[in-house]
Amino acid sequence: MTTDQAKHQAMANAIRILSLDSVERAKSGHLGLPLGAADVATVLFSRFLKFDPKAPDWANRDRFVLSAGHGSMLLYSLLHLLGYEDMTLEQLKNFRQLGSITAGHPEYGHAAGVETTTGPLGQGFANAVGMALAETKLAAEFGDDLVDHFTYALIGDGCLMEGISHEAAALAGHLKLNKLIVLWDDNNITIDGYVSLADSTDQIARFKAYGWNTLSVDGHNPDEITDAINKAKASTKPTFIACKTIAGYGAPTRAGTPKAHGGPYGAEESAGVHEALNWTNEPYDLPEDIVDDWRLAGLRSTKTRVEWEKKLENAGADISAEFKRRLRGDLPTDVNAAIVELKKQLASDKPTVATRKASQMALEVINPVLPETVGGSADLNGSNLTKTSTFEDFTAKDRSGRFVNYGVREHGMAGIMNGIALHGGLLPYSGGFFIFSDYCRPSIRLAALMGIRAIHVMTHDSIGVGEDGPTHQPVEHLASFRAMPNINVYRPADPTETAECWQLALEDTSRPSIIALSRQGTSASRTEFTEENLCAKGAYTLRGKADADVVIFATGTEVELAVQAREQLEKSGTSTRVVSVPCLEIFNAQDDAYRRSIIGNPKSRVVVEAGVSQSWDKLLGENGRFIGMDCFGASAPAKELYKHFGITTEAVVEAANAQL
Ligand SMILES: Cc1ncc(C[n+]2csc(CCOP(=O)(O)OP(=O)(O)O)c2C)c(N)n1
Ligand SMILES: [Mg+2]
């Protein structure tokens, strides 16, 4: 063994032992991957990856995504060894314990160096595609002096089995995201057995078919791994490297078998690993020379980082300020001005349009003053209307385009958008049918968990879809996303509310948003200009006096019904107030005083929304009536469906009167 090989071996073994000792101590965790992929990770982090533990958020760092999040101890060990200050030995000792930054699966925002939350397999893969996309896009805009980095992902067999990997990989190949390098921990095992139990895909052939560069290496041979990464960096296509590894490397009875996947291994097996690796130190007592080698690896890019910071300062005050603003995620003040101008126009035009059209009108004024937006659609742009007049397509040839044709890939789209948002400097928004939010849900949930800004334009938001029928008519979707923590579901009623909801979603940097929009036209409910964003508190009185006997709460296209019902009720002498609720979550988060002022103390409460009643219980109270539906829709023209399911002005009036 040469000294280089010996050094590599010792560094890789330090990852293995730290991971092993921490999983044994926590009495839970996963060891197959950290022990098996330690060589791959050591080569990547000590020879290639550009990063600086002293400046973990350096914008031009290479990104590393551990898509196989169950192998979290691999990442935590690396971060500790490389000198990330927050990743202390104490944190490793508290692996998986409450309050530690070493969560069971890596969580974005806990430890520096964790680029995304992973655990649900395949998501990290899609995030990495998004990061690579963001890199090429920002490089086209700011130049490769400022933006020039690679994105690496370490994935497992599970990531490859999950469907999202297909969607993300196909798009990455199509878009020739050549600075994306995916390392596959090809260990031939998952939890229940050998991969052959459930899969016989030729992964290399699969990735070739996607248009990727593909390579295969012995994942325990540092020279082969080095060679492959060098080749990958020079490729004009994204690269997939199959790294043949032994899961649970070093474990006397478990290595290479499905029993290697999980942990703890127990005292005897664990002692066997120490012995196999010639490791005689006590747990967490790391040999100084190995620590020094790792710390040196952590210092490799410091100079490059400092030089980059100078480049940013020397790029000119405008560019440098804009670049920094973009990374902070602040909006330019022009956005508010553009929305206010649009609202003035809308108040005078009072257009009767579908809210999806209203969204396009809002985007037409937003996109020109907000250079960070990256729009897209899952093959439904003609319906979602998310592409605006100044947008060109983002393609393999034109990286400056601001519209991504995601293809019929909702899940991939949502996972890629998370990667774009996590990368920083860009603000992704999508287009899709609200019904297919189900296909995006795992990625949207992670966006909510991470608290990142990704905006989903979801059109065709109710039985108002009409003739396409129940397969295309969302019924439970508003309620189901309202049940998800840390996401706002907007359902604006008209063009003015749509513009206001867009503004709120853009301004909110700490959560994703869904903007649910109608297919069918609806009249303008807001007819007077107000500079104030009335949607900002989630609900507001649209018509009527505070002390009205009847209060009708409504969202989206049903606000029109509520307004008509009010007219009838008032005609027959019943004072009625209409409350528009563009965002129930925001309203529920207001203080009691505001909530009470909006709810009032009416004799009669009615909620009208073309969906299930769940999520309205609090507002309805004991006696309130809900006008909506608790079954699937049907195939018929929209107007007939509203009648058929009893979501009508008459039904609202009747429900109001029934309580008087
Ligand atoms: C979407 C999803 N489904 C199931 C799981 C549970 N799970 C965690 S690891 C794993 C097996 C993954 O196999 P592989 O990626 O090959 O990892 P290895 O066993 O080789 O470490 C499964 C099924 C998960 N984390 N995410
Ligand atoms: Mg595996």
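To be clear, the structure that these remarks concern was listed above.
Summary of the structure given here.

The rules behind each value
- Residues numbered from 1 in each chain as written.
- Chains lettered and ligands numbered in written order.
- Predicted model: local features only at pLDDT ≥ 70, side-chain atom pairs only at ≥ 80, totals over all residues.
- Heavy atoms only, no water.
- Donors = N, O, S within 2.8 Å, 3.2 Å for Na, K, Ca; no water.
- Buried < 20%, exposed > 50% of the residue type's maximum accessible area, 1.4 Å probe, protein only.
- Helix = DSSP H or I, 4+ residues; strand = E, 2+ residues; numbered from the N terminus.
- Contact = heavy atoms within 4.5 Å.
- Core = buried A, V, L, I, M, F, W, Y, C linked by side-chain atoms within 4.5 Å.
- Near = heavy atom within 4 Å.
- Polar contact = N/O pair within 3.5 Å; in protein donor to acceptor, adjacent residues only side chain to side chain.
- Areas by Shrake-Rupley, 256 points an atom, 1.4 Å probe, with all protein chains shown as cover.
- 1 Å grid on protein atoms, 1.4 Å probe; cavity = no way out; pocket = protein on both sides within 12 Å on 5 of 7 lines; lining within 4 Å.
- Points joined across faces, edges and corners; volume = space filled by probe spheres on them.
- Nonpolar A, V, L, I, M, F, W, Y, C, P; charged D, E, K, R; others polar.
- Salt bridge = Lys/Arg side-chain N within 4 Å of Asp/Glu carboxyl O.
- Patch = residues over 30% accessible without salt bridge, like charges linked within 9 Å, V, L, I, M, F, W, Y side chains within 5 Å.
- Lys, Arg positive; Asp, Glu negative; His and termini not counted.
- Charge placed at Lys NZ, Arg CZ, Asp CG, Glu CD.
- Pairing = 2+ DSSP bridges.
- Axes fitted to C-alpha atoms, helices over the stretch in contact; angles between N-to-C directions.
- Right-handed = clockwise from strand over helix to strand, strands pointing away.
- Parallel < 35°, antiparallel > 145°, perpendicular 65-115°, else oblique.

### Some thoughts on the coordination of the magnesium ion (ligand 2)
By definition of the ideal shapes, a tetrahedral metal site with four donors has angles of 109.5 degrees and an octahedral site with six donors has angles of 90 or 180 degrees.
Line of reasoning, step 1. At 2.0 to 2.1 Å from the magnesium ion (ligand 2) lie its protein donor atoms, namely D157 (OD), N187 (OD1) and I189 (O).
Line of reasoning, step 2. Each donor residue of the magnesium ion (ligand 2) belongs to the same chain, with the gaps between them written as D-x29-N-x1-I.
Line of reasoning, step 3. Residue class for I189 comes out buried when judged on its relative accessible area of 5%.

### Section: helix α27 (residues 649-658)
Line of reasoning, step 1. Listing the buried residues of α27 in full gives T649, A651, V652, V653, A655 and A656.
Line of reasoning, step 2. Packed against the buried residues of α27 are β17 (550-554), α22 (558-571), β19 (604-608) and β20 (625-627).

### Digging into the nonpolar core
Line of reasoning, step 1. Residues W502, I552, V608 and I647 are the most contacted members of the largest nonpolar core, which totals 72 residues.
Line of reasoning, step 2. Apart from residues lying up to four places away in sequence, V608 is in contact with I552, F553, A554, T555, E558, L561, A562, I627, I647 and V652.
Line of reasoning, step 3. Listed in part, the 68 residues of the second largest apolar core include L20, V43, Y76 and V114.

### Digging into the site of ligand 1
Line of reasoning, step 1. Not every one of the 14 residues close to ligand 1 is listed here, only the nearest: H70, G119, G158, N187 and H261.
Line of reasoning, step 2. Note that an oxygen atom of ligand 1 is positioned 2.9 Å from one of the side-chain N or O atoms of D157.
Line of reasoning, step 3. Taking I189, its main chain carries an N or O atom lying 2.9 Å from an oxygen atom of ligand 1.
Line of reasoning, step 4. Protein coverage of the free-state accessible area of ligand 1, which is 590 Å², stands at 75%.

### Some details on the layout of surface pockets
Line of reasoning, step 1. By volume, the largest pocket amounts to about 740 Å³.
Line of reasoning, step 2. Forming the boundary of the largest pocket are 33 residues, of which Y108, L327, A421, L422 and G424 lie nearest the centre.
Line of reasoning, step 3. At the level of elements, α13 (302-314), α14 (317-328) and α18 (410-423) are the ones that each hand at least two residues to the lining of the largest pocket.
Line of reasoning, step 4. Sorting elements by how many residues they give to the lining of the largest pocket places α14 first, with five residues.
Line of reasoning, step 5. Within this model, the second largest pocket holds a volume of roughly 440 Å³.
Line of reasoning, step 6. What lines the second largest pocket is a set of 15 residues, among which E560, L561, A638, K639 and Y642 lie closest to the centre.
Line of reasoning, step 7. Going through the elements one at a time, β15 (521-522), α22 and α26 (638-644) are the ones with two or more residues in the lining of the second largest pocket.
Line of reasoning, step 8. The residue makeup of the lining of the second largest pocket, split by class, is four nonpolar, seven polar and four charged.

### Quick look at the pattern of salt bridges
It is possible for side chains bearing opposite charge to pair when their charged atoms get close.
Line of reasoning, step 1. Taken as a whole, this structure holds 28 salt bridges when the rule is applied.
Line of reasoning, step 2. Close ionic contact of R305 with E309 constitutes a salt bridge, the shortest N to O distance being 3.2 Å. With R305 and E309 both in helix α13 and four residues apart, the pair spans about one turn of that helix.
Line of reasoning, step 3. Overall, R305 belongs to the buried group, its relative accessible area being 13%.
Line of reasoning, step 4. Residues joined in a network through salt bridges with shared partners are E141, E322, R325, R326 and E372.

### With respect to empty space enclosed by the protein
Line of reasoning, step 1. The final tally for this structure, using the stated rule, is three cavities of 30 Å³ or more.
Line of reasoning, step 2. When its volume is computed, the largest cavity comes out at roughly 90 Å³.
Line of reasoning, step 3. Forming the boundary of the largest cavity are 14 residues, of which L49, F51, Y84, G113 and E115 lie nearest the centre.
Line of reasoning, step 4. Among the elements of the structure, β2 (63-66) and α4 (72-82) are those that each provide at least two residues to the lining of the largest cavity.
Line of reasoning, step 5. Here the residues of the lining of the largest cavity sort into eight nonpolar, one polar and five charged.

### Some remarks on a negative patch on the surface
Line of reasoning, step 1. A cluster of like negative charges, contributed by D4, D218, D223, E224 and D227, occupies part of the molecular surface.
Line of reasoning, step 2. Here D223 is to be found in helix α10 (residues 222-234).
Line of reasoning, step 3. Looking at D223, the relative accessible area reads 45%, which means it is partly exposed.

### Quick look at the side chain of E269
Line of reasoning, step 1. Residue position: E269 is located in helix α11 (residues 267-276).
Line of reasoning, step 2. R254 is the oppositely charged side chain nearest to the buried, salt-bridge-free E269, at an N-O distance of 4.5 Å.
Line of reasoning, step 3. What E269 contacts, discounting residues up to four positions off in sequence, is A251, P252, T253 and R254.

### What to know about the sheet that holds strand β4 (residues 180-186)
The strands that make up a sheet are held in pairs by hydrogen bonds between backbone atoms, and each pair lies either parallel or antiparallel.
Line of reasoning, step 1. Spatially, β2-β3-β4-β6-β5 is the arrangement adopted by the five strands of the open sheet, whose pairing is parallel. Edge strands, defined here as strands with exactly one partner in the open sheet, are β2 and β5 (213-218). Across the sheet, the mean angle from the axis of one strand to that of its neighbour is 15°, orientation sign disregarded.
Line of reasoning, step 2. Sheet topology places β4 next to strand β6 (residues 239-244); six bridges connect them, and they run parallel. The partner of L183 across the bridge, within β6, is I241.

### Concerning the packing of α13 against α14
Helix packing for two helices is described by the angle between their axes and how far apart those axes are.
Line of reasoning, step 1. Where α13 contacts α14, the axes come no closer than 6 Å and their chain directions differ by 120°. Taking contact as the criterion, the partners of W308, L312 and E313 in α13 are, on α14, S320, F323 and K324.
Line of reasoning, step 2. Looking at the contact of α13 with α14 residue by residue, the class counts come to three nonpolar, one polar and two charged.

### What about the pairing of β17?
Line of reasoning, step 1. Burial of β17 is extensive: five of the five residues sit out of reach of the surface.
Line of reasoning, step 2. Of the two faces of β17, the one lined by V550, I552 and A554 and the one lined by V551 and F553 are each fully buried.
Line of reasoning, step 3. Of the strand pairs in this sheet, β17 and strand β18 (residues 576-580) are connected by five bridges, and their pairing is parallel. Bridging from a neighbouring strand, A554 pairs with S580 of β18.
Line of reasoning, step 4. A crossover connection joins β17 to the parallel β18 through α22; in handedness this β-α-β unit is right-handed.
Line of reasoning, step 5. Summarising the sheet, β17 and β19 pair through five bridges and their orientation is parallel. Each bridged residue has a counterpart across the sheet, and for A554 the counterpart in β19 is V608.

### Here's the deal with the packing of helix α8 (residues 163-174) against α18
Line of reasoning, step 1. Axis separation between α8 and α18 bottoms out at 8 Å; the angle between their running directions is 70°. On the basis of their axis angle, the class for α8 and α18 is roughly perpendicular. Contact residues: α8 offers I164, E167, A168 and L171, while α18 offers E410, H411, G412, G415 and I416.
Line of reasoning, step 2. Split into classes, the residues belonging to the contact of α8 with α18 amount to four nonpolar, three polar and two charged.

What is shown is where atoms sit, not what they do.
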